[in-house]
Amino acid sequence: MDSATDDVNQAIAGELQLMDPGVRASRERVRRLLDPEFVEVGGSGRRWTYEAMVAELSSRPGRSPDAPRYEPSDISGVRLAPGLVHLTFETVLGDVRTRRSSIWRKRDEGAGWRMYYHQATPVPPGVDTA
């Protein structure tokens, strides 16, 4: 496996961890996966910062193993540069389908891969997946 593929696979692993209810419920685990300069533009249009996401993720959807969970599909990625990976994919949570894009960055070996940016766009019912 080449280093670009390995980088993409590590970013995908981090993305999947952030969808895990056990991770979402743990502020400490979320802190390790989000870059300190993290920003998200959520499906509602709200802008989330690192501090806001760490504080609120444990109360957001997908945090409980007994509730609906994020079901990801079509995850793909590309290494933009050493230490920088862009992922795209879709999720379904309940009856809501969302297209997602995230940028993961690795500043050093100690911190590992962390989500730097995330964009969520809800897909209206009836819109084709293409």
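Read on for a plain summary of the structure. Note that the structure is a prediction, hence the values are computed from the model and not measured. (Residues numbered from 1 in each chain as written. Predicted model: local features only at pLDDT ≥ 70, side-chain atom pairs only at ≥ 80, totals over all residues. Heavy atoms only, no water.)

**Describing the overall build of the chain**
The secondary structure content of the chain amounts to four helices and six strands. Its helices and strands taken in sequence order, the chain reads α-α-α-β-β-α-β-β-β-β from the N to the C terminus. Relative to the compact-globule value of 14 Å for 130 residues, the chain shows a C-alpha radius of gyration of 14 Å, a close match. For the chain, the spread of C-alpha atoms along the principal axes amounts to about 40 × 35 × 25 Å. Looking at the chain as a whole, 36% of its 130 residues qualify as buried. Across the chain, every contact between residues at least 6 apart in sequence was considered, and the portion connecting residues at least 24 apart equals 48%. For the chain, the accessible surface area stands at approximately 7,200 Å², while carbon and sulfur atoms represent 51% of it. Positive and negative charge centroids in the chain, built from 18 and 19 side chains respectively, lie 5 Å apart. (Helix = DSSP H or I, 4+ residues; strand = E, 2+ residues; numbered from the N terminus. Rg over C-alpha atoms; globule rule 2.2 N^0.38 Å. Buried < 20%, exposed > 50% of the residue type's maximum accessible area, 1.4 Å probe, protein only. Contact = heavy atoms within 4.5 Å. Areas by Shrake-Rupley, 256 points an atom, 1.4 Å probe, with all protein chains shown as cover. Lys, Arg positive; Asp, Glu negative; His and termini not counted. Charge placed at Lys NZ, Arg CZ, Asp CG, Glu CD.)

**Here we look at the sheet that holds strand β2 (residues 47-49)**
Judged by pairing direction, the sheet is mixed, and its six strands sit side by side in the order β2-β1-β6-β5-β4-β3 without closing on themselves. In this open sheet, the two edge strands, each paired with only one partner strand, are β2 and β3 (71-81). Taking the axes of each pair of neighbouring strands and ignoring which way they run, one obtains an average angle of 15° across the sheet. (Pairing = 2+ DSSP bridges. Axes fitted to C-alpha atoms, helices over the stretch in contact; angles between N-to-C directions.)

**Some thoughts on the pairing of β3**
Judged from the eight bridges that link them, β3 and strand β4 (residues 84-93) form a sheet pairing that is antiparallel. Considered in β4, the bridge of Gly77 is made with Leu87. Connecting the antiparallel pair β3 and β4 is a turn made up of two residues, with Gly83 showing a positive phi of about 80°.

**With respect to unusual backbone geometry**
Positive phi values are uncommon outside glycine, yet Asp74 reaches one of about 55°. In this structure, Asp74 sits in strand β3. When its relative accessible area of 62% is taken as the criterion, Asp74 is described as exposed.

**Observations concerning the side chain of Thr98**
Turning to its location among the elements, Thr98 is positioned in strand β5 (residues 96-106). Its relative accessible area of 7% is what places Thr98 among the buried residues.

**Topic: the packing of aromatic side chains**
The final tally for this structure, using the stated rule, is zero aromatic pairs. Lying across the ring of Trp48, Arg46 places its NZ or CZ 3.7 Å from the centre. (Phe/Tyr/Trp six-rings, centres within 6.5 Å; stacked < 30°, edge-to-face > 60°. Lys NZ or Arg CZ within 6 Å of the ring centre and 35° of its normal.)

**Re the pattern of salt bridges**
Enumeration over the complete set of coordinates arrives at eleven salt bridges. With its nearest N and O atoms 3.8 Å apart, the salt bridge here joins Arg31 to Glu28. With Arg31 and Glu28 both in helix α3 (residues 27-33) and three residues apart, this pair spans about one turn of that helix. Residue Arg31 is classed as partly exposed on the basis of its relative accessible area of 35%. Among the salt bridges present, the one from Arg99 reaches Glu90, with a minimum N-O distance of 2.9 Å. The structure contains a network of salt bridges with shared partners spanning Asp35, Glu37, Arg105 and Arg107. (Salt bridge = Lys/Arg side-chain N within 4 Å of Asp/Glu carboxyl O.)

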